Amino acid sequence: MRFDDISIESTRITFWGPRTALEVRSPLPGVLRLRHVPSLGHSALGPRELAPKQSWAVVEQGQRPLSLRREMDGQVAVVATEELSLEVGLAQGNWLLRDASGRELARCEGFSGEAMPDYPVTRFRSRISLHAPPDEAWLGFGEKVGALDKRGMHFVFWNTDVVPHHPDTDPLYQSIPFSLGLRDGVAWGFFLDESWRLEADVAAEDPTAVRWESTGPELDAYLFAGPLPADVVRRYTALTGRQPLPPLWSLGAQQSRWGYENANEIRSVIQGYRAHKLPLDCVYLDIDYMEGYKVWTWDRARYPDPAGLAKEAAAQGVRLVTIIDPGVKAEPGYRVYDEALAGDHLVRNDRGSVLVGEVWPKPAVFPDFTREAARAWWGGLHKGFVEAGIAGFWNDMNEPACFRLVNGDETFSIISAAARDKGKVEGPTLPHDARHGDKRHLEVHNVYAIGMAQAAYEGLRKLAPERRPFLLTRAGSAGIQRYTAVWTGDNSSYWSHMELSIAMLLGLGLSGVSFTGSDVAGFMGNTTGEMLVRWQQLGTFYPLLRNHSAKGTRFQEPWRFGEPYLSIAREWLERRYQLLPTLYSLMHESSQEGLPALRPLVMYAPGDTEALRMDDAFLFGRDLLVAPVVRQGRTRRHMYLPEGRWLPFSNLGLSGEPLEGRQHVLAEAPLGTVPMWLRAGGALALTEPAQHTTTANWAHLTWHIHAAEHVEARLYEDEGDGYGASRLTRLAGGWKGDRFVLERSTEGTLPLARETETLCVYALTPPREVHGAREHRFVDGLLLLEVEAGWSRVEVRL
Ligand code: GLC
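What you are looking at is a predicted structure, and each value in this text was computed from that prediction instead of being measured.

This part covers the packing of aromatic side chains. Scanning all chains against the criterion turns up 39 aromatic pairs. Each ring, one from F191 and one from Y236, has its centre 5.3 Å from the other, and the planes form 75°; the classification is edge-to-face. Residue F191 is found in strand β17 (residues 186–192), and its partner Y236 is found in helix α1 (residues 229–240); the two are separated by 45 residues along the sequence. You'll find F191 and Y236 in the same group, each marked buried. Here Y293 and W360 contribute two aromatic rings whose centre-to-centre distance is 6.4 Å and whose plane-to-plane angle is 50°, an arrangement assigned as tilted.

Position of H706 relative to the elements: it lies in strand β46 (residues 702–706). The exposure class of H706 is buried, given its relative accessible area of 0%. At 3.4 Å, the side chain of H706 forms a polar contact with the backbone oxygen of R679. Not counting chain neighbours up to four residues away, the residues in contact with H706 comprise R645, W646, L647, P658, L678, R679, A680, G681, G682, V711, Y762 and A763.

With that out of the way, let us pick up the sheet that holds strand β11 (residues 104–116). Pairing is antiparallel in the open sheet, where nine strands are placed in the order β7-β8-β9-β10-β11-β12-β19-β18-β14. Among the strands making up the open sheet, the edge pair consists of β7 (67–71) and β14 (153–157). Each adjacent strand pair in this sheet contributes to an overall mean axis angle of 20°, direction not counted. As defined by bridge partners, strand β8 (residues 76–80) adjoins strand β9 (residues 84–89) across five bridges and the pair is classed as antiparallel.

A word on the environment of Q454. Mapping Q454 onto the fold places it in helix α9 (residues 448–463). For the pair formed by Q454 and T370, sequence separation is 84 residues and the distance between their alpha carbons is 10.0 Å. If we skip the residues at most four places from it in the chain, Q454 touches R375 and Y483.

Here we have eight strands laid out as an open sheet, ordered β1-β2-β3-β4-β20-β17-β16-β13, and antiparallel in their pairing. Two strands bound the open sheet, and with one partner strand each, they are β1 (5–8) and β13 (137–140). Going across the sheet, the axis of each strand differs from the next one's by a mean of 20°, ignoring polarity. Taken together, the six bridges between strand β4 (residues 31–37) and strand β20 (residues 219–224) define a ladder with antiparallel strand orientation. Of the residues in β20, the one forming a bridge with R33 is Y222.

Right, let's talk about the site of the ligand for a bit. Every residue lining the ligand is accounted for by W258, D286, I287, I323, W360, W394, D396, R474, W487, D490, F523 and H548. Separating an oxygen atom of the ligand from a side-chain N or O atom of D396 is a distance of 3.1 Å. Between H548 and the ligand, the recorded distance is 2.9 Å, taken from a side-chain N or O atom to an oxygen atom. Protein coverage of the free-state accessible area of the ligand, which is 310 Å², stands at 97%. Tallied by class, the residues present in the shell around the ligand amount to seven nonpolar, one polar and four charged.

Below, the discussion takes up the pattern of salt bridges. Pairing is possible between side chains that carry opposite charge, provided their charged atoms lie close to one another. Counted according to the given criterion, the structure contains 70 salt bridges. Between E218 and R35 there is a salt bridge whose closest N-O contact spans 2.6 Å. Linking E218 in the loop between β19 (209–214) and β20 with R35 in strand β4, this pair joins segments that are 183 residues apart in sequence. Overall, R35 belongs to the buried group, its relative accessible area being 4%. A network of salt bridges, in which partner residues are shared, links R739, E743, E769, R793, E795 and R797.

Moving on to the domain arrangement of the chain. Looking at the assigned domains, one finds that the chain contains domain 1 (5–132 + 186–226), domain 2 (249–324 + 372–400 + 445–593) and domain 3 (683–797). Relative placement of domain 2 and domain 3: their C-alpha centres are 32 Å apart. When the two sides are added together, the surface that domain 2 and domain 3 hide from each other amounts to roughly 2,100 Å², 54% of it contributed by carbon and sulfur. The largest share of the area that domain 2 buries against domain 3 comes from R468, P581 and Y584, three residues that together contribute 28% of it.

Another aspect to go through is the nonpolar core. One finds F191, W378, F541, L624, W703 and L759 to be the most contacted residues of the largest nonpolar core, which totals 191 residues. When residues in this core are grouped by element, the largest group, eight residues, is from α9. If we ignore the near neighbours within four places in the chain, the residues touching F541 are W572, R576, L579, L598, F618, F620, L624, V626 and M676. In terms of nonpolar packing, the next biggest core, distinct from the first, is built from 42 residues, V79, W95, L97 and A221 among them.

Now for empty space enclosed by the protein. In total, this model carries five cavities of 30 Å³ or more according to the counting rule given. Around the largest cavity, the lining residues are V386, I390, A391, F393, L460, R461, A464, R467, R468, P469 and F470. Of the residues contributing to the lining of the largest cavity, the split by class is eight nonpolar, no polar and three charged.

It is worth spelling out unusual backbone geometry at this point. Residue P164 follows V163 across a cis peptide bond; omega there is -15°. You can see P164 is positioned in the loop between β14 and β15 (174–175). Residue D780 is not a glycine yet carries a positive backbone phi of 45°. Looking at the element boundaries, D780 is found in the loop between β52 (775–779) and β53 (782–788). Residue D780 is classed as exposed on the basis of its relative accessible area, which comes to 71%.

Summarising the sheet, β52 and β53 pair through five bridges and their orientation is antiparallel. Within β53, the position partnered with V779 by the bridge is L782. Taking the residues that link successive antiparallel strands as the turn, the β52-β53 hairpin has two residues, and the phi of D780 there is positive, at about 45°.

What follows covers the pairing of strand β29 (residues 410–413). Within a regular strand, the side chains alternate between the two sheet faces. Alignment of strand β28 (residues 404–407) against β29, held across four bridges, turns out to be antiparallel. Bridge assignment links V406 to a residue of β29, and that residue is T411. Hairpin connection between β28 and β29: a loop of two residues separates the two successive antiparallel strands, and G408 in this loop has a positive phi of roughly 60°.

Right, let's get into the packing of helix α10 (residues 495–510) against helix α11 (residues 529–539). At a minimum axis distance of 11 Å, the contact between α10 and α11 shows a crossing angle of 5°. Classified by the interaxial angle, the pair formed by α10 and α11 is roughly parallel. In this structure, α10 contributes W495, H497, M498, S501 and I502 to the contact, and α11 contributes E530, M531, R534, W535 and L538. A breakdown of the residues in the contact of α10 with α11 according to their chemical character gives six nonpolar, two polar and two charged.

It is worth spelling out helix α4 (residues 335–342) at this point. Restricting attention to buried positions, one finds in α4 the residues V336, Y337 and A340. For α4, the buried positions fall inside an angular range of 100° around the axis, keeping them on one side. Next to the buried residues of α4 lie β24 (328–329), β26 (364–365) and α5 (372–380). The first or second residue beyond α4 is D344, which carries a positive phi of 55°.

Here is what the cut-offs are and how they apply
Residues numbered from 1 in each chain as written. Predicted model: local features only at pLDDT ≥ 70, side-chain atom pairs only at ≥ 80, totals over all residues. Heavy atoms only, no water. Phe/Tyr/Trp six-rings, centres within 6.5 Å; stacked < 30°, edge-to-face > 60°. Helix = DSSP H or I, 4+ residues; strand = E, 2+ residues; numbered from the N terminus. Buried < 20%, exposed > 50% of the residue type's maximum accessible area, 1.4 Å probe, protein only. Polar contact = N/O pair within 3.5 Å; in protein donor to acceptor, adjacent residues only side chain to side chain. Contact = heavy atoms within 4.5 Å. Pairing = 2+ DSSP bridges. Axes fitted to C-alpha atoms, helices over the stretch in contact; angles between N-to-C directions. Near = heavy atom within 4 Å. Areas by Shrake-Rupley, 256 points an atom, 1.4 Å probe, with all protein chains shown as cover. Nonpolar A, V, L, I, M, F, W, Y, C, P; charged D, E, K, R; others polar. Salt bridge = Lys/Arg side-chain N within 4 Å of Asp/Glu carboxyl O. Domains from an automatic or database assignment. Buried area = accessible area lost by both parts, 1.4 Å probe. Core = buried A, V, L, I, M, F, W, Y, C linked by side-chain atoms within 4.5 Å. 1 Å grid on protein atoms, 1.4 Å probe; cavity = no way out; pocket = protein on both sides within 12 Å on 5 of 7 lines; lining within 4 Å. Points joined across faces, edges and corners; volume = space filled by probe spheres on them. Parallel < 35°, antiparallel > 145°, perpendicular 65-115°, else oblique. Arc of directions from axis to C-beta.

Spelled out as structure tokens, the structure:
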């Protein structure tokens, strides 16, 4: 591999080899795009001209200036921006990335590729190899199993419906080829913008290399500068889009089960919650509400009056969400099928006729969400459901799952030799040669779900423009956060799955997906009272808190297990509602900056390898360190506290003296307790528990503040849905000699909905004087201040 020609434009520099090319651009500050084309024939428009390439992930494609200079006797060409420089070796076709201070961030040892012409789908093997120094950690990779640091693992990126999955199953439902490298406390990012089937070997085969391989003709890579992990995540989400602020109700408690039989059972679930004084905001209707699994229909025997049911639920403060699967039953006379055929919205087989398979509906056909017309049609199908008062939509089986193929009177198991001969397949999905317009399934399989999510999101924005869409998806790809929340699919009621969910959600969060959760208490298998309680505690911090279980398993609503489990589950549901001001503000921060609500410890301790290994604990936002118990029978919990000072704050209350960080501790964690710590300088906004959400303009608000040199906090408030007025409150201050000062500032026009606020300031000695508060009290290291809601400054003299 070598380059012997360079074309230079102000925003694009292209290196040309005999049959290869490397195009460099900078779409955003601190971001380089490197299109590696190892075999030009398939990507060229003409001599010295690459064909434009469609992206499903990227939404910001700026054109920032680049400069070029030669070094080393002309052997190295350096492409530079303000933040990054790329040294391209002309004789070897390799590159090296440095930050503005000259530090080496990444090195590509080369890229190569070949085409494997085949009928009907030409596959490629396009490869790139990145140097992986032994002390570098590799995080991210979207929804993957394993520890937080994925070094030593091998991944396939091919959205797959796996039931059941295990702690080592790969691939799962989502494909997000993004990684965050971390060495000596400095982070950088790598994103491969390819919808084709990919593999990544994360220093498993060769401990010094991370190798990516695509079945597509090129490797369209983005490199991100840090230096902090949060900087990389901000840049990655600036490129691929950020999760919009969800409606408040979708952050409340959600109950679901595959197996609620009919409207009466839904009523009795809601009643059960209310009778047991358990908070609840939403109930899901799984596939049995449909008539014969026909999407966009109701089984009128089970659900005679969906709109009436939605109204009744709403009167109890509960929203309904229906499952929507993409497979459309092939049945002439069924409106959705007839429209799909008439509008030419369906995926076709290799011979050009509509592809027929089987999922829950048998036989079934598949909308082609890669095409705009099909998306617009599908988006419009939400209308009847929106009118009936359905508040959100749960997109499932959207890898897409397909159990069997149908050819005339014959059906083939998707994994049988016969089906394989029909066009290669992998997993229970469509064959590689299925046609999506002029593309083949092998190329667009991984973006099927993002197309469906886009269709739903845009449809809902049109149908109910005054409300924020709530969507939940199983499958997805890079950028999925722009449209929908993600849950991690069919887990089981295993302790190992509870623990695994932490690293999975942290990995998703680093990969841009903030609104996530795992099925609380496990989908498959039978849970126990103890597991339910422990999972409820962990789920209190999942941005998406949904209890969901499969047909045939033990019912797992909180009251099914008796005491003490019911009471403890209730306490944790109430804590979830107390935490909503903080969670809502974190989700707002995600929408603005892309940072996830759940953050690994290493996010703020990037050079600390002990923190890196703590992937059974996490930070909720920046300030609250949470160490849930994820093992049966345990009543103590080991934890590593990263740098800083930490106030023991188990169960959201003062539970000990502040501790210095960089130490391992053992915390008491009996069944009702989750050890937590509040960072010095951090603050947590809590409200009163409620049976369901109403507004995010909180009527009650208590700040819990761990006094330190610098204190900083933010709170976002609005009506909880829609696009109306808002208020962003910032607290700033800290120690000034022997005075502790806090100032409050706000932006936005939302009027206050409370008269007073409470400030709980920890780690102070008894004050001599307090200014700016209506009342104050000092008890056991805690200063309680009652302030006017519109306060601007409090000062405490010690
Ligand atoms: C899939 C989903 C699961 C759902 C079931 C029936 O397995 O992952 O959540 O309950 O299908 O619709």
